[in-house]
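# Fold and geometry: a report
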Amino acid sequence: MRSIKTKLFGLGMAAAMLLSLAGCNLSTPASVGSIGDVDIPAGVYLLAQYNAYNTASGLAELATGETANDVKAVLKAECTGTIGDEEVTATGAEYVEKLTLRAIEYYAAVETKFAELGATLEDAATSEVADNVDSMWESNGDLYEANGIGKNSLQAYLLNAQKASTILTLLYGPDGSQPVTDAEYTDYINNDCYYIESVQIPLVDYSSYTMADDDQKAAIQQIAEECKSTLSEQANTEELTGSALYEAASTYVPQAMEALGATMEDATQAMYYAGAQLYTPDDLSSYGSDDYNNLTDPLDEAGMNQWTVVDLGTTLLVARRIDPLKSYTVEDLTGMYDLLTAMKSEDLQNQFYADGAALAHNLDEGAMKTYSASKIKKNV
């Protein structure tokens, strides 16, 4: 299951991979002022600005021949997107400015709340940050240096993300001030998540990266239907044993591979095509919109505990939705999946944005002009 924690603190993890400024030898302001009692280092500001630019460049209405690397063109172009709950249409420069301010407000809110709680980071968290900083610097050092940067602000951003994660636990964890209850977890699992058993029948030969043609797909669809029938016949109880899923995979996945003109030399590899997983709303969103979700809508149409075949483009998923609380306790599921972050991250993130916007702003306009987005470098 992909990590959910990266969602919570998009400011920290997504932006942190982009830019940092510290320890440079330029005659430029070390800070752009403060928000609340939190000083905003120039590097933190530039990091937020660079991330904001990348977002704006993806929204900009550029002329033929212009690209996201054309900084002047992006800043002059019209951008339309959502900032918070508001749809915004503005020039690229204005859009970058709005997103940058929102990002440093978030940063300040996290720092403020962390201090208010008297919290500290565990050694493991700070060590992880140090390792990530070294790795990112090794990968993107040329770009950092081209923008006159060092490592300290990159580290500050990553630490800010760790602080946000710590705050989440301190507020909503088992020993938190507002702990999520078992009843809340149960409601979330039952009404917002899907627990899915599945066998993946491939439609792609990954040895040659070729998709099934029409005839091959028709044959593989028949194989998937046979797999569904077998699993349906065996499902005398509401949940199959894992071995039944693996047996189905070991029978039908090699057949699909053969239809693709490929072979599975080791039959035990088929076990990787079978399993069960709890999908959170964030996981499910990657399969479609509210209008139609390629995963959940076919499962809903089939009904609970009923096997169906779901076409996901590169695979036919022989799947059914079941109630995980028939086999697992809430404690089991919270240990297996990061449900705390899945449930509370968006609410906490929105609170950080609101709190940051409400803090007193004592920003230095002159310093921010010194670090104009027009000076961003996209190539080294």
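Our subject is the structure listed above.
Residues numbered from 1 in each chain as written. Predicted model: local features only at pLDDT ≥ 70, side-chain atom pairs only at ≥ 80, totals over all residues. Heavy atoms only, no water.

This part is about the overall build of the protein chain. Looking only at helices and strands, one finds 15 helices and eleven strands in the protein chain. Evaluated residue by residue, the protein chain yields a buried proportion of 44% over its 380 residues. Look at the contacts in the protein chain between residues 6 or more apart in sequence, and 71% of them connect residues 24 or more apart. Roughly 19000 Å² of accessible area belongs to the protein chain as shown, and the carbon and sulfur atoms make up 45% of that amount. Each charge class in the protein chain can be summarised by its mean position, and for the 20 positive and 58 negative side chains these summaries are 9 Å apart. (Helix = DSSP H or I, 4+ residues; strand = E, 2+ residues; numbered from the N terminus. Buried < 20%, exposed > 50% of the residue type's maximum accessible area, 1.4 Å probe, protein only. Contact = heavy atoms within 4.5 Å. Areas by Shrake-Rupley, 256 points an atom, 1.4 Å probe, with all protein chains shown as cover. Lys, Arg positive; Asp, Glu negative; His and termini not counted. Charge placed at Lys NZ, Arg CZ, Asp CG, Glu CD.)

This paragraph deals with the pattern of salt bridges. If you walk through the whole model with that rule in mind, you get six salt bridges. Here E111 and K163 are joined by a salt bridge, their closest N and O atoms 2.8 Å apart. Of this pair, E111 sits in helix α5 (residues 92-116) while K163 sits in helix α7 (residues 152-172); the two residues are 52 residues apart in sequence, bridging distant segments of the chain. We classify K163 as buried; its relative accessible area is 16%. Ionic pairing is found between E225 and K228, a salt bridge with its closest N-O pair at 3.3 Å. Of this pair, E225 and K228 both sit in helix α9 (residues 214-234), three residues apart, roughly one helical turn. Taking the relative accessible area as the measure of exposure, E225 reaches 33% and is therefore partly exposed. (Salt bridge = Lys/Arg side-chain N within 4 Å of Asp/Glu carboxyl O.)

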